[in-house]
Protein chains: 2
Amino acid sequence: MNKIQGGVTAAKGFQAASAAAGIKYKGRTDMALVYTETPAVCAGTFTTNVVKAAPVYWDRDIVTKKNPVHAVVLNSGIANACTGLEGKEINYFMASEIAGQLGVKPEEVLTASTGVIGMQMAKEPLAKGAALLKEALSDTTEAGTKAAEAIMTTDTVSKESAVSFEVDGKVVTLGGMSKGSGMIHPNMATMLSVTTTDAAIDCDLLQKLVKDAVADSFNMISVDRDTSTNDTYLVLANGESGVEIKEGTKAYEDFREALRYVATDLAKQMAADGEGCTRLLEVTVLHCCSKENANMLSKSVITSNLVKTMVFGKDANWGRILCALGYAGVEFDPERVDLTIEAEGEELILVKDGVPTGYSEEKATELLGKDKVTVLCDMKEGEASATAWGCDLTYDYVKINGDYRS
Amino acid sequence: MNKIQGGVTAAKGFQAASAAAGIKYKGRTDMALVYTETPAVCAGTFTTNVVKAAPVYWDRDIVTKKNPVHAVVLNSGIANACTGLEGKEINYFMASEIAGQLGVKPEEVLTASTGVIGMQMAKEPLAKGAALLKEALSDTTEAGTKAAEAIMTTDTVSKESAVSFEVDGKVVTLGGMSKGSGMIHPNMATMLSVTTTDAAIDCDLLQKLVKDAVADSFNMISVDRDTSTNDTYLVLANGESGVEIKEGTKAYEDFREALRYVATDLAKQMAADGEGCTRLLEVTVLHCCSKENANMLSKSVITSNLVKTMVFGKDANWGRILCALGYAGVEFDPERVDLTIEAEGEELILVKDGVPTGYSEEKATELLGKDKVTVLCDMKEGEASATAWGCDLTYDYVKINGDYRS
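Residues numbered from 1 in each chain as written. Chains lettered and ligands numbered in written order. Predicted model: local features only at pLDDT ≥ 70, side-chain atom pairs only at ≥ 80, totals over all residues. Heavy atoms only, no water.

## Observations concerning the pattern of salt bridges
Pairing is possible between side chains of opposite charge, provided their charged atoms come close.
Residue and element names in this part refer to chain A.
Right, so step 1: With the rule as written, the count across this model stands at 44 salt bridges over all chains.
Right, so step 2: For Lys3, the salt bridge identified is with Asp265, shortest N-O distance 3.5 Å. On the criterion of sequence distance, the pair formed by Lys3 in strand β1 (residues 2-4) and Asp265 in helix α6 (residues 250-272) is long-range, its members being 262 residues apart.
Right, so step 3: What makes Asp265 buried here is its relative accessible area of 18%.
Right, so step 4: Beyond isolated ion pairs, a larger network of salt bridges with shared partners links Asp212, Asp216, Arg256, Arg260 and Lys291. (Salt bridge = Lys/Arg side-chain N within 4 Å of Asp/Glu carboxyl O. Helix = DSSP H or I, 4+ residues; strand = E, 2+ residues; numbered from the N terminus. Buried < 20%, exposed > 50% of the residue type's maximum accessible area, 1.4 Å probe, protein only.)

Printed below as a string of structure tokens:
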């Protein structure tokens, strides 16, 4: 598997576009389109929030029916959530306008929205945007990147990832984009993320692999413990590589690994760009008695406000880490736990068998100041492990979210 | 039932003291003692965190054995959590020193600690503190207040509450104190809180009433979703009022109500003094199909960082409230929900049947700026309701917890 440049246009037959439709933001792009002329098989996972945005209902219906699709249209600025029947009509209008431009059916166009909850979108900018998007469609890397930029809200960087692998001399490519910075605590879903591939794959098999990839990637990140109303992860496969992915083959294993890689890479990019954050926090729980327990423990540490402010303050106040493990809802022996911090290849053991080592506070502060910090929690109980990603909690998080209607 | 002045010394026969022992803080008191010469029946609830502080193990054992007690000794500065066997020995030393001063057995002295996790306490200040406490014992209101001050950490105000009621011409009094400002998300327990009463009551009945009072008070507050390692709530009853509390009597109902009042009053004082916060946030969920669902929904809103920053920013971004209801783990119809904010007797309906009313943003900002803000969520499903208390999330929360070893 090779990591390559680009995002949603990396795979054969996929084009992308962006446009400044003026939905809410001024002077920037706010609509994106991903298109494949060859119809694509589609799989996806969505938010588990009881309050769901209009595009989530629309997409879930399309994914459930397993019909092939041609496009995904996305907008930023307004989330089209808590907008009632009118919101659903506007979502249909958005799909129809794109379908009209592309000469396909509305049911072949998936939708995704992100931004303020509870505000209605006007139809005019959507119609204008659809025409602009059609005109701008291109299969270049740049077009993919511009699409990734158009869906940003409080994100500070755009998020793309792509890989390829070979099967009998033929190249299979997967490329994806994500947006997400606040209200990030995906649960069986994630913020907006689209991955395209030119692999040929059965719809049910793709859905199975998507669920598998999500479990250890998007479902293991958290910025603020707030599960959004709009979380959507879509994977489109148009088969243009000429490679068919079937269970029990080497190609299947490669495809599975590639999909997991892109999902994990995008998930980590979202955690690292958490609203207001200054560094990526990775928490790995080792030697746990079950995978489920390892997941619960690592997510408990990654979501603790006290651990997050501790990382911001570069203060190795490790009692907060043990405390967060302790309320995860999992039984363990606190007097067996080892805690280690790791950054840029250097390790420092803070706690051995539940009590502090004579570690250097100065060294700890130095390691906690790096761009990416890993906390290793060794439970010394079994064989299972899990990794979760988050970020520090800063003044800027409060500023961004205390400001009027961010 | 009458609300009266004071705290742990309000009930007959209870004395209190405070001392500057120099455990960790300089130039302030850091030890407190509550004492009754008449032995008292004792009930309590403790943290559910797997990682428990040494005094939690000690107290739990005493409460389980149901033997009468004479005193509670408390300290601030160091939590005596994650301190291994040595921490347990030091906790025993603390109880023994007090017992020696009072002429009682160590097992008749409950203990409670709060402060930094993972640091050992020295014996010298504890011995010095025990002697000072003995000397300072007094039954005055001032002595109770000073005890409440001695156990403060990042608290900005001390917390006391007291009530009395009459039974056949005899007065029964209950008075309590609490500390708690950060790492507040009690679960079947709370931060340090001691209530004293001169009622005569059976130990099992008192324990039952304590659990009942905790469910709707301490267990319904959250500052930062972090359940502490030291949460301890103790109630001591010495019988000096001459009034016996038996099930099925008016006195029982009065006592139950009085205990709930003191617990709820102290819990609200803790939420209102949440680390760095500027206002108390109260969330009441109405017309829910079950009490359990109402609890889950109200706690989900109270703990959302996005709702908390929204209240800090005085921005009626109500989509975040609906979003937090949506991920509470409870099914409901979002299109039936009404949301109302209330402050100083004024109400403003933001959302009716899941969609926004034409409310005035200016008025909303005005109400959200008051010292105490209530959010009413009407689910329109059944008869159950619940109230949870929290606070806003501010720059100061980040500052307090990002600072070195707060």
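Still to come is the rest of the account.
## Notes on the side chain of Thr9 of chain A
Right, so step 1: Position of Thr9 of chain A among the secondary structure elements: in the loop between β1 and β2 (14-19).
Right, so step 2: Once residues lying within four places of it in the same chain are set aside, the contact partners of Thr9 of chain A are Phe14, Gln15, Ala16, Ser138, Asp139, Thr140, Thr141 and Gly144 of chain A. (Contact = heavy atoms within 4.5 Å.)

## Observations regarding helix α9 (residues 319-326) of chain A
Right, so step 1: In terms of burial, α9 of chain A is largely enclosed, as eight of its eight residues are buried.
Right, so step 2: All of the buried residues along α9 of chain A are Gly319, Arg320, Ile321, Leu322, Cys323, Ala324, Leu325 and Gly326 of chain A.
Right, so step 3: Of the surrounding elements, those touching the buried residues of α9 of chain A are α7 (291-303), α8 (305-312), β13 (338-343) and β16 (372-378) of chain A together with α11 (395-402) of chain B.

## Some points on the interface of chain B and chain A
Right, so step 1: Taken together, the contact between chain B and chain A spans 56 residues of the former and 55 residues of the latter.
Right, so step 2: Where chain B packs against chain A, one counts zero salt bridges.
Right, so step 3: Across the chain B-chain A interface, the total number found is seven residue pairs in polar contact (both at pLDDT 80 or more).
Right, so step 4: With six residues, the top contributor of residues to the side of chain B that touches chain A is α11 of chain B.
Right, so step 5: Partitioning the side of chain B that touches chain A into residue classes produces 24 nonpolar, 20 polar and twelve charged. (Polar contact = N/O pair within 3.5 Å; in protein donor to acceptor, adjacent residues only side chain to side chain. Nonpolar A, V, L, I, M, F, W, Y, C, P; charged D, E, K, R; others polar.)

## Focus on the relation of the copies chain B and chain A
Right, so step 1: The transform that puts chain B on chain A rotates by 180° and translates by 0.0 Å along the axis, for an RMSD of 0.0 Å. Overall, the copies show the geometry of a two-fold rotation axis. If distances are taken from each C-alpha of chain B to the rotation axis, the shortest is found for Tyr395 of chain B, at 2.6 Å.
Right, so step 2: Of all interface residues in chain B, 98% are interface residues in chain A too; the two copies therefore contact each other through one and the same surface. (Least-squares fit on C-alpha atoms with pLDDT ≥ 70 in both.)

## What to know about helix α10 (residues 361-368) of chain A
Residues and elements named next belong to chain A.
Right, so step 1: Here α10 has its buried residues at Ala364, Leu367 and Leu368. An end-on view of α10 places all buried positions within 95° of arc, on one side of the element.
Right, so step 2: Against α8, β13, β14 (346-352) and β16 lie the buried residues of α10. (Arc of directions from axis to C-beta.)

## Some details on the environment of Val311 of chain B
Residues and elements named next belong to chain B.
Right, so step 1: Looking at where Val311 falls in the secondary structure, it is placed in helix α8 (residues 305-312).
Right, so step 2: Taking the relative accessible area as the measure of exposure, Val311 reaches 1% and is therefore buried.
Right, so step 3: In this structure, Val311 is in contact with Arg279, Leu281, Leu368 and Asp392, ignoring residues within four places of it in sequence.

## Observations regarding the sheet that holds strand β13 (residues 338-343) of chain B
Residue and element names in this part refer to chain B.
Right, so step 1: Strand order across the open sheet formed by six strands is β15-β14-β13-β16-β12-β17, with mixed pairing between neighbours. If you trace the sheet from one side to the other, it starts and ends with β15 (355-356) and β17 (384-391), each paired once.
Right, so step 2: In the sheet, strand β12 (residues 280-288) pairs with β17 via seven bridges, with the strands oriented antiparallel. By the bridge assignment, Val283 is partnered in β17 with Ala388. (Pairing = 2+ DSSP bridges.)

## Comments concerning unusual backbone geometry
Most peptide bonds take the trans configuration, and most residues that are not glycine carry a negative phi.
Residues and elements named next belong to chain A.
Right, so step 1: In the Ramachandran plot, Asn80 falls in the positive-phi region, its phi being about 50° despite a non-glycine side chain.
Right, so step 2: Relative to the assigned elements, Asn80 resides in the loop between β4 (69-78) and α2 (84-102).
Right, so step 3: Residue class for Asn80 comes out buried when judged on its relative accessible area of 2%.
Right, so step 4: For Lys380, which is not glycine, the phi torsion reads 50° and is therefore positive.
Right, so step 5: Here Lys380 lies in the loop between β16 and β17 (384-391).

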